[in-house]
Amino acid sequence: MVRKMKWEKLNLNYNSVNVIDGFHGAAVPQAFQLHDSIYRIYYSARNDKNQSHIFYLTLDLSNLSIIDICKSPILAPGNLGCFDDSGTLMSWIGKVHDEYWLYYCGWNLGKTVPFRNSIGLAVSKDGIHFERKYYGPVVDRTYKEPHFCTNPWILIENDKFRMWYLSCVEWRIKEGEIQHRYHLKYAESLNGVDWQRNGIIAIDFADDSEYAISRPSVLKGDNAYHMWFAHRGEKYRIGYAKSKDGICWDRNDEEVGITVSEHGFDSDMICYPAVFRHEDDYYMLYNGNEYGMTGLGIAKLVEGEI
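Residues numbered from 1 in each chain as written. Predicted model: local features only at pLDDT ≥ 70, side-chain atom pairs only at ≥ 80, totals over all residues. Heavy atoms only, no water.

**As for the pattern of salt bridges**
Item 1. Under the criterion given, the structure shown has 18 salt bridges.
Item 2. For aspartate 208, the salt bridge goes to arginine 172, with nearest N and O atoms at 3.4 Å. Here arginine 172 lies in strand E11 (residues 160–174) and aspartate 208 lies in the loop between strand E13 (195–203) and strand E14 (212–220), a separation of 36 residues in the sequence.
Item 3. Under the relative-accessibility criterion, arginine 172 is labelled buried at 14%.
Item 4. Connected via shared salt-bridge partners are Glu170, Arg172, Arg181 and Asp208. (Salt bridge = Lys/Arg side-chain N within 4 Å of Asp/Glu carboxyl O. Helix = DSSP H or I, 4+ residues; strand = E, 2+ residues; numbered from the N terminus. Buried < 20%, exposed > 50% of the residue type's maximum accessible area, 1.4 Å probe, protein only.)

**Topic: the packing of aromatic side chains**
Item 1. Using the criterion set out here, one finds 24 aromatic pairs in the structure.
Item 2. Between tyrosine 39 and phenylalanine 276 the ring centres are 5.1 Å apart and the planes differ by 50°, which places this aromatic pair in the tilted class. Of the two residues, tyrosine 39 sits in strand E3 (residues 38–47) while phenylalanine 276 sits in strand E18 (residues 271–278), which places them 237 residues apart along the sequence.
Item 3. An angle of 80° between the planes, with centres 6.5 Å apart, marks the rings of tryptophan 164 and tryptophan 249 as edge-to-face. You can see tryptophan 164 sitting in strand E11 and its partner tryptophan 249 sitting in strand E17 (residues 249–251), a full 85 residues away along the chain.
Item 4. By relative accessible area, tryptophan 249 is classed as buried at 11%.
Item 5. The rings of Trp92, Trp101, Tyr103, Phe161 and Trp195 are connected pair by pair, giving a single aromatic cluster.
Item 6. The ring of tyrosine 56 carries the charged tip of arginine 40 above its face, separated from the ring centre by 5.0 Å. (Phe/Tyr/Trp six-rings, centres within 6.5 Å; stacked < 30°, edge-to-face > 60°. Lys NZ or Arg CZ within 6 Å of the ring centre and 35° of its normal.)

Dropping the structure here:
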């Protein structure tokens, strides 16, 4: 159970700009442990055409040293006319049997609205060389979810895939501008491809001014499930919720224990958390200003228990 969490921001701010030619940012990061304190950090960067691609870096968590940077994308935008021809955005990666499965946000540019998102799946034997499992999305809009779905987080329990994901409920005109509105829903699957979506809302809007809830990060503790997520009214902040079953959630943003800094890359915005456990400690990867265009940071839980 978490009470009055406090996260200490550590001395790491990585940005692909000036590191990978023609790219900038390091959005929606996730850590994957290779061995001991060595982690591969997957993230997305954008090129000069604003197309997102997926990369990784290798981090020694013991001293926060970056020991390798992949300078070629492991997943680039898809073929012309496919659901991901405008960009691929990192979401979740994990081992499924002897493969790495990478669920990502594939997106198209729109005409009446700015974009449309769907969930794609790529697979790899080594976590570096990925191929699309399908050229189409594994989760897309339907007659029940007519706008878009994306940004999943997955847990695999008792041979069942459990997914928390972003679901857009409407596009609307507000103060003369087009505005999306999306919250978090829950789905299940027996194979990670065919998903049963029953409209279960995991995290709903706090009020009408809140119009974006994204990037769920879910951990199962000893007695409860814990979720961190990004939420936005005026500017993105990180929220927190707890659940006994991973379906019905109690939202308590006041307990999250991390917010923007007084200055620096995360002084205006903090978003897209990804929490992971290393030995007896918990760490959070996150993004700062401009939706990750100023890079990623990392924080360590110093107060509170999970």
